[in-house]
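Single-letter residue listing:
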Amino acid sequence: MHEYMGELLSPYIDDELNGEERRLVEDHIKTCKQCQEEVEELRFLKAQMQSFYQGIDIPDISFEEAVIRKIQTIEQEQQEVFSWKFWAALAVGMCVIISVLLTLSPFLYACIRVLYTLFNVGARIAHAVMIIALDMPYLTGALIITTLILIIISGWSVSRLLGTKTTG
Ligand SMILES: [Zn+2]
C-alpha cells in the first residue's frame, strides 16, 4: 500500500487524481508520516517552481520586438553620446590645435621662409651649375665646383637659419 501511494503522491499534489484515488491518498497520509512528509516536500517544491516561473518577467511583447526595442534604445543612447560628447571633444581638439598653431606661427613662418629661400637659392645654383657644366669640357671639374658651391650654400643656409631663429 505504501509503495503504491508513492506513485500517487505527485499526481495528488498536481490535482490529477480521480475521486477514489484521492480519497485513498488522503486516508493513507493521515496514518503514514513518511508519505505525509513527502507530500509536504512535494508541495514545497511545487510552490518553489511556481514562484520561480512567476519570477520570470514575461513581457506582453514578443522576444523579437523586445530585442528591436533594446537595440533602438542603445542606438539612441549612442547617438546622444555621439552628438554632444563628440562635438565637445572635437571643439576642444580644434581649439588646442588652433592655439598651438597660433603660438608656433612665427616659428613656422620662419621655417617656411628659410625652406623657401633654400629651395630658391638651390634652384638658381643648380641652374647656374648646369650652364657652367655644359660649357666646361671636364665633367669632373664641374662636379668638384658643384660640390664646393653646395657646401658653401649649406654652410650659409645653416648660419642664416640659426640667425633667423635667434633674432626672430
Ligand atoms: Zn506511506
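As the structure is a prediction and not an experimental result, all values here were calculated from the model.

Novice: Is there a simple way to think about the overall build of the protein in this case?
Specialist: Scanning the protein for helices and strands turns up five helices and zero strands. For the protein, the sequential pattern of α-helices and β-strands runs α-α-α-α-α. When burial is assessed residue by residue, the protein has 4% of its 168 residues classed as buried.

Novice: Any chance you could explain the packing of helix 1 (residues 2-13) against helix 2 (residues 19-31) here in plain terms?
Specialist: Packed helix pairs are specified by the crossing angle of their axes together with the interaxial distance, meaning the distance between the axes. The geometry of helix 1 relative to helix 2 is characterised by a closest axis approach of 10 Å and an angle of 110 degrees between their N-to-C directions. Relative to helix 2, helix 1 is oriented roughly perpendicular. Pair helix 1 / helix 2 crosses with left-handed handedness. Residue-level inspection shows Met 5, Leu 8, Leu 9 and Tyr 12 of helix 1 in contact with helix 2, the latter providing Glu 21, Arg 22, Val 25 and His 28. Across the contact of helix 1 with helix 2, the residue classes tally to five nonpolar, one polar and two charged.

Novice: What is the right way to read the UniProt feature "transmembrane region" (unreviewed entry) in the protein from this model?
Specialist: UniProt marks residues 86-107, 114-132 and 138-158 with the feature "transmembrane region" (unreviewed entry), using the numbering shown here. Taken end to end, residues 86-107 comprises 100% helix and 0% strand; its first and last C-alpha atoms sit 32 Å apart. Taken end to end, residues 114-132 is 100% helix and 0% strand, and its two terminal C-alpha atoms sit 26 Å from one another.

Novice: Would you take a moment to explain helix 3 (residues 33-55) for this structure?
Specialist: Counting along an α-helix, one turn takes 3.6 residues, and residues three or four places apart therefore face a common direction. Taking 1.5 Å of rise per residue, 23 residues should cover 33 Å, and helix 3 covers 33 Å from first to last C-alpha, within 8% of that figure. A small share of helix 3 lies buried, amounting to two of its 23 residues.

Novice: Looking at this model, I keep getting lost on the nonpolar core. Mind explaining?
Specialist: Note on soluble globular proteins: their nonpolar side chains tend to be buried together. Membership of the largest hydrophobic core is limited to six residues, which are Met 5, Leu 9, Tyr 12, Val 25, Cys 35 and Val 39. Within the residue set of this core, elements represented by two or more residues are helix 1 and helix 3. The residues touching Cys 35, leaving out its near neighbours within four places in the chain, are His 2, Met 5, Leu 9, His 28 and Ile 29.

Novice: Is there a simple way to think about the confidence of the model for the protein in this case?
Specialist: Detailed reading of the predicted model is not advised wherever pLDDT is low. Here the protein averages 83 in pLDDT, and 89% of its residues register 70 or above. The element-level mean pLDDT for the protein is lowest in helix 5 (residues 139-167), coming to 79, with helix 2 highest at 92.

Novice: So what exactly am I meant to see when it comes to the UniProt feature "domain: Putative zinc-finger" (unreviewed entry) in the protein here?
Specialist: Within this structure's numbering, the places UniProt gives as "domain: Putative zinc-finger" (unreviewed entry) are residues 7-36. This span, residues 7-36, is 80% helix and 0% strand, and a straight line between its end C-alpha atoms measures 13 Å.

Novice: Sorry, what's going on with unusual backbone geometry here?
Specialist: Most peptide bonds take the trans configuration, and most residues that are not glycine carry a negative phi. Its identity is not glycine, yet Asp 15 carries a phi of approximately 65 degrees, on the positive side. According to the C-beta neighbour criterion, Asp 15 is exposed, with 7 such atoms within 10 Å.

Novice: Sorry if this is basic, but what is going on with the packing of helix 1 against helix 3 here?
Specialist: As a packed pair, helix 1 and helix 3 sit with axes 10 Å apart at the nearest point and diverge in direction by 25 degrees. As the angle between them shows, helix 1 and helix 3 are arranged roughly parallel. In terms of crossing hand, the pair formed by helix 1 and helix 3 is right-handed. Along the contact surface, helix 1 presents His 2, Met 5, Leu 9, Ser 10 and Ile 13, while helix 3 presents Cys 35, Glu 38, Val 39, Leu 42, Arg 43 and Lys 46. Among the residues making up the contact of helix 1 with helix 3, the classes are represented as six nonpolar, two polar and three charged.

Calculation notes
- Once a new chain begins, its residue numbering starts again from 1 and follows that chain's sequence as written.
- In view of the model being predicted, local features appear only for residues whose pLDDT reaches at least 70, and side-chain atom pairs are presented and counted only at 80 or more, with totals across whole chains, interfaces and linings using the full set of residues.
- Secondary structure elements are taken from DSSP: a helix is a run of H or I of four residues or more, a strand is a run of E of two residues or more, and numbering for both begins at the N terminus.
- Partly exposed residues are those whose C-beta has more than 12 but fewer than 20 other C-beta atoms within 10 Å; with 20 or more the residue is buried, with 12 or fewer it is exposed, and the C-beta atoms are placed from the backbone.
- Lines fitted to C-alpha atoms define the axes, with helix axes restricted to the stretch in contact, and inter-axis angles between N-to-C directions lie between 0 and 180 degrees.
- Under this scheme an angle from 65 to 115 degrees is roughly perpendicular, one under 35 degrees roughly parallel, and one over 145 degrees roughly antiparallel; angles in between are oblique.
- Crossings are classed by handedness, with left-handed meaning an anticlockwise turn of the near helix from the far one by less than a right angle and right-handed meaning a clockwise turn.
- Note on contacts: each residue gets a C-beta atom placed from the backbone, and two residues are in contact if those atoms are within 7 Å.
- Residue polarity follows a fixed list, in which Ala, Val, Leu, Ile, Met, Phe, Trp, Tyr, Cys and Pro are nonpolar, Asp, Glu, Lys and Arg are charged, and the others, Gly among them, are polar.
- UniProt positions are given in the numbering used here, feature names are shortened, and annotations may be inferred rather than shown by experiment.
- Here the expected length of a helix is defined as 1.5 Å per residue gap, with one fewer gap than residues.
- As used throughout, a nonpolar core is a set of buried Ala, Val, Leu, Ile, Met, Phe, Trp, Tyr and Cys residues joined through C-beta atoms within 7 Å of each other.
- As a per-residue quantity, pLDDT reports the predictor's confidence and falls between 0 and 100.

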